[in-house]
Amino acid sequence: MFMGKVVGTVWSTVKWEGLHGLKFLVVRPYHLADLAPHLLVRPTPYTMYDGVVAADVLGAGPGEDVIVAYGHSARVAVEPELPDGKLPSRPIDAAVVAIVDHFHVESAAQDEE
Amino acid sequence: MILGRMVGTVWATRKNPRLENFKLAIVRPYFWYNPSHDVEHVIAVDQVGAEVGQDVLVCVGQPGRWVAGDSRCPIEASVMAIVDSVEIERGTENAPVAPFALRSRFLPTTLVRVGDGGSTARDAGLHETDGGTP
Amino acid sequence: MMLGRVIGEVWATRKNPRIEGRKALLVAALAQDGDRRTPTGEVVVAFDSVGARIGHVVTVTWGSGARAVFSGPDNRWVLVDAAVARIVDAVSVERDGKEVEERED
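Conventions used here
Residues numbered from 1 in each chain as written. Chains lettered and ligands numbered in written order. Predicted model: local features only at pLDDT ≥ 70, side-chain atom pairs only at ≥ 80, totals over all residues. Helix = DSSP H or I, 4+ residues; strand = E, 2+ residues; numbered from the N terminus. Contact = placed C-beta atoms within 7 Å. Pairing = 2+ DSSP bridges. Core = buried A, V, L, I, M, F, W, Y, C linked by C-beta atoms within 7 Å. Buried ≥ 20, exposed ≤ 12 C-beta atoms within 10 Å, placed from the backbone. Domains from an automatic or database assignment. Nonpolar A, V, L, I, M, F, W, Y, C, P; charged D, E, K, R; others polar. Arc of directions from axis to C-beta.

## Regarding the overall build of chain B
Summing up its helical and strand segments, chain B has one helix and seven strands in all. For chain B, restricting intrachain contacts to residue pairs at least 6 apart in sequence, the fraction spanning at least 24 positions comes to 57%.

## What about the interface of chain A and chain B?
Contact with chain A, which involves 35 residues of that partner, is made by 35 residues of chain B. Of all the secondary-structure elements, those providing two or more residues to the side of chain A that touches chain B are strand E1 (2-11), strand E2 (14-15), strand E3 (23-29), helix H1 (32-35) and strand E4 (52-56) of chain A. Sheet topology note: the E2 of chain A/strand E5 (residues 77-82) of chain B ladder contains two bridges and is antiparallel. In the strand pairing of E5 of chain B, Lys-15 of chain A is matched with Ala-81 of chain B.

## Regarding the nonpolar core
Counting residues in hydrophobic clusters, the biggest one holds 97 residues, and the most contacted among them are Ile-67, Val-68 and Ala-95 of chain A, Leu-57 and Val-58 of chain B together with Val-27 of chain C. If you tally residues by element for this core, the top one is strand E3 (residues 24-33) of chain C, at six residues. Domain assignment of the residues forming this core places at least three in each of domain 1 (2-82) and domain 2 (84-134) of chain B. What Ile-67 of chain A contacts, discounting residues up to four positions off in sequence, is Met-1, Met-3, Val-97, Ala-98 and Val-100 of chain A together with Val-10, Ala-12, Ala-24 and Val-45 of chain C.

## Observations regarding the domain arrangement of chain B
Partitioning chain B into structural domains gives domain 1 (2-82) and domain 2 (84-134). Its residues placed into classes, the side of domain 1 of chain B that touches domain 2 of chain B shows three nonpolar, one polar and two charged.

## Points about helix H1 (residues 63-70) of chain C
All names here are of chain C. Listed in full, the buried residues belonging to H1 are Ala-66, Arg-67 and Val-69. In a view along the axis of H1, the buried residues occupy a sector of 150 degrees, so they form one face of it. Considering only its buried residues, H1 is in contact with strand E5 (57-62) and strand E6 (82-87).

Below, the structure written as C-alpha cells:
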C-alpha cells in the first residue's frame, strides 16, 4: 500500500462491466523526498511524473490524501458484501482503502545519531 | 490501473494457442509508479475495442485472465476502459508538497484542466513545465 | 519482503471497514548498498503486527504473506496489502569475505 495525494479523476463510459459504479482517481504517491528529505542520502529520480489510477468507493476528492492498496486487497476493498464462498471479481489492480485525516513523520531533530 | 494511449496493435501468428482471437494493443503510459523495469510500452489484451489514438485504462495482473475467461491464459495486462476525459487539478505542478505533472510532450488526448473554468490544455495554449531533478 | 525503516504513522476515520483497528505505519524502503542500507526513496504503508515504532528497522511482507500475518489459514477476506512482521535487531552482511553482524539499535 502507499499514501498519495488525489490529483485528478478519470471518466469512462465504455468499460468492462465489472467497473460500473466505481470512480477512478489519479493518485500521486508520496515519496521520501516529500515526507522526510533529511533521510535521503543521495538524490533519487524525479517523482513528479509518478501516478496510479485507483478505484474509489469512499468518495475521496482532489487534494485529499489517501491510502491505496494493490492486487487482491484492492479487489476486496471495493466489494462491501459478498456471499460466502464467492471471491472478489471486479477487474481492478488498485483501490483507495482509506482517506487520511492526518499523518506524523519523524523530523530531522528526532533523528539524532 | 495504468492510464495510457493506445499507439498500435501487435500482430502475431506464432503464439500460445490460448491467445488465439485476442487482439493485442500497444499502450504507452502517460505515467506509472515503480515499474519493475523501464517501461515505455505495455502490451495488453484489448477487451473493449479501443482504437489507436484513444486514451485507455489498463489493469495489470489476474483480472486480465478473468476477463479472457481462461485462468490459464498467459495474460498479465488488459485494456479495461476507453477514457472519455482525464481531469487534472490545475496547480498540481507547483504544489508545495508532492507536485504532479504530465509530460508536456505526451499529454492525454482527453485531458481537461479543472479548477479554473475547466478549459482544455490545448485550448488554453498551456505549456507544461517539463520537470527535472529537484 | 523488504527491509524498511519506520518513519511515521497515518490516521484515517473514513476507511474500508475491513481495516478497522489496524495501525498504519509509513515505512521508507531500504536497499542494500554495499555494506550499508540506504533509503531508496520509496515509502510504503504497512499495517503493524509487532509494535514497531519510528526509527525501527523492520521487514515488510506483501500479498498473501501479509494476510497470513493477520489471520489464520482462510484469509481471502482479510484486507491487508502490506504488513510489518518483524523488528530487525541485526543484519549480517559479508564484508571482506567474512560475515559481520551489524546491530540496528
